Amino acid sequence: MLHFRCSTVLKEFFEVTLKRPLSGSRQKSWLPTRCSSVDASLRLKVLHAAPHRPGLRTAPCAARFRSYCTKTEGAVEPDEQLKKDGVSREASIDKRRNAGILPSLEDLLFYTVAEGQETIPAHKFLTALKTTGLRSGDPRLKECMDTLKETLRNSSDGVTLDRHQFKKCVQSNIVLLTQAFRKKFIIPDFQSFTSHIDELYESAKPLNEGQVADYIPQLAKFSPDLWAVSLCTVDGQRHTVGDTKVPFCLQSCVKPLKYAIAVHDHGTEYVHSFIGKEPSGLRFNKLFLDDDDKPHNPMVNAGAIVCTSLIEQGASNAERFDYVMNFLKRMAGNEYVGFNNATFQSERETGDRNFAIGYYLKEKKCFPDGTDMTSVLDFYFQLCSIEVTCESASVMAATLANGGICPITGERVLSPEAVRNTLSLMHSCGMYDFSGQFAFHVGLPAKSGVAGGILLVVPNVMGIMCWSPPLDKMGNSVRGIQFCTDLVELFNFHNYDNLKHFAKKHDPRREGGDQRQFFFGPMDYESLQQELALKAPLWKKVAPTESHQDSSTTVVYRMDKVAE
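Residues numbered from 1 in each chain as written. Predicted model: local features only at pLDDT ≥ 70, side-chain atom pairs only at ≥ 80, totals over all residues. Heavy atoms only, no water.

Colleague: Teacher, can you tell me more about the sheet that holds strand E11 (residues 453-458) here?
Modeller: Strands belonging to one sheet form pairs held by backbone hydrogen bonds; the direction of such a pair is parallel or antiparallel. If you trace the five strands from one edge of the open sheet to the other, you get E6-E5-E12-E11-E10, paired in antiparallel fashion. Pairing within the sheet leaves two strands with one partner each, and these edge strands are strand E6 (238-242) and strand E10 (446-448). Between one strand axis and the next, the sheet turns by 10° as a mean value, whatever way the strands run. Bridge count between E10 and E11: three bridges; the pairing is antiparallel. Considered in E11, the bridge of Ala-446 is made with Leu-456. Set on the sheet, helix H17 (residues 390-401) makes contact with strand E5 (228-233), E6, E11 and strand E12 (462-467); between it and E12 the angle comes to about 145°. (Pairing = 2+ DSSP bridges. Helix = DSSP H or I, 4+ residues; strand = E, 2+ residues; numbered from the N terminus. Axes fitted to C-alpha atoms, helices over the stretch in contact; angles between N-to-C directions. Contact = heavy atoms within 4.5 Å.)

Colleague: How should I be thinking about the side chain of Ser-468 in this particular structure?
Modeller: Mapped onto the secondary structure, Ser-468 falls in the loop between E12 and strand E13 (470-471). For Ser-468, the side chain forms a polar contact with the side chain of Arg-479, separated by 2.6 Å. Beyond its immediate chain neighbours, meaning those up to four positions away, Ser-468 contacts Pro-224, Leu-226, Trp-227, Gly-452, Ser-477 and Arg-479. (Polar contact = N/O pair within 3.5 Å; in protein donor to acceptor, adjacent residues only side chain to side chain.)

Colleague: It is not clear to me how unusual backbone geometry should be interpreted in this structure. Could you clarify?
Modeller: Note: most residues except glycine have negative phi, and most peptide bonds are trans. Even without being glycine, Lys-365 reaches a positive phi, approximately 55°. Mapped onto the secondary structure, Lys-365 falls in the loop between helix H15 (352-363) and helix H16 (373-384). With a phi close to 65°, Asn-460 is a non-glycine residue in the positive phi region. Residue position: Asn-460 is located in the loop between E11 and E12.

And the structure:
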């Protein structure tokens, strides 16, 4: 795997601390804490990246932001005279820039991928990009990919790019690409992490216990051999394994999503004037209310039916359905969200228990005034019949993990209040009668559905969708439960794994080796260039070498210092 890592003198080149950002720079409110802020006047266009995640910062650095620089042991300190002498500083920068010696971020990215060659095959760049977890179809890279296609169409061989062509292609997305190749995403060593995910997938695949749900005829048609896992990190890194493109209905996995929409629209106080917050301790479809004659929580059928009645009150069912579909598509980054009419009809024809719950709720005056209960039940069945794939649902889960901002579009879809409340209830009530066991052993917010899906959220890290139709006696996917349990046994994702003095597990959020990440103030493209200039007297690029560490090959560029 290619690493955008430098050694020897180039280490000095990257070891920089920004003393003052450019006067013209300003920080975008949507820019991630691990990304540099960019002035609007620069030629560089920064597309949406992952949002601010306070949990990733340490207390002493609460107001700081991560730049693209890393510090390695044995680094040489900056020239003190240049630091003190402003005139010498500017003169030194101008000298290097005018001489054409100071490389741009685009140049450094080219050298990393080219491995000493003068041209890059386009497929090689795309392969290297995939190893970082980014997809060529990522909406944030659209301009880069469109330019790449146009450049190849007009090139002599239609396959390779020289340095100038490469720079033209990547310059619109250079900040995101630099983050990716410098391993500044939430999962730095993405290939190693996904290899573990594949192992966990294969470990659960042979399980043949459980039965496919048949109380809804359409669900019984799915093969018990189907098994898929997809994940999306808060930085938009993607990985899928198995039958991840097969559509299936969300069923109860839609409950936390529509609850989030209701809280987003109306606020916590209003929503919970109709619905409680406590686990019921009873089956999800029981005709039972709490002491205040309210459904126990929005993750059981009674609470979900009442929650459905709160969305776009007064609108027609067609308008309400379109409203929720639009929300879900935005949560999924405009990936596949569909509707299965056959399942909807099947749900309505076999929904006697839900009709009984509806009439019981109507008798107890659980709905807002003027609610048409039968219309609400139709809408409820429609939402259960919304289709997704593992891939699109993993982006929905990642939007929850990312505080309500979709990782692959950068759009805020849900309020932080709605996300916090949703994750809290998923943690305590999301897994039917297995919720307590799941919270104890896995320690993560999740919601299961009778179609075989498990929507799992690792806050501030990633969202995961597991799907396999065979269910255990609690109504949860057998393979999905096994995967979630194994995941937390291997990685420190459990909510309480990070307690002081606790037994150590793998932490995929940390990069291996002796490199240490540390934090600087806001830094934009031009500021980074100026700071790099301070550390680069005069350099010449020499051929790359291969460094073998931990049984992996790392391409290392060495820069030789020459006399001024």
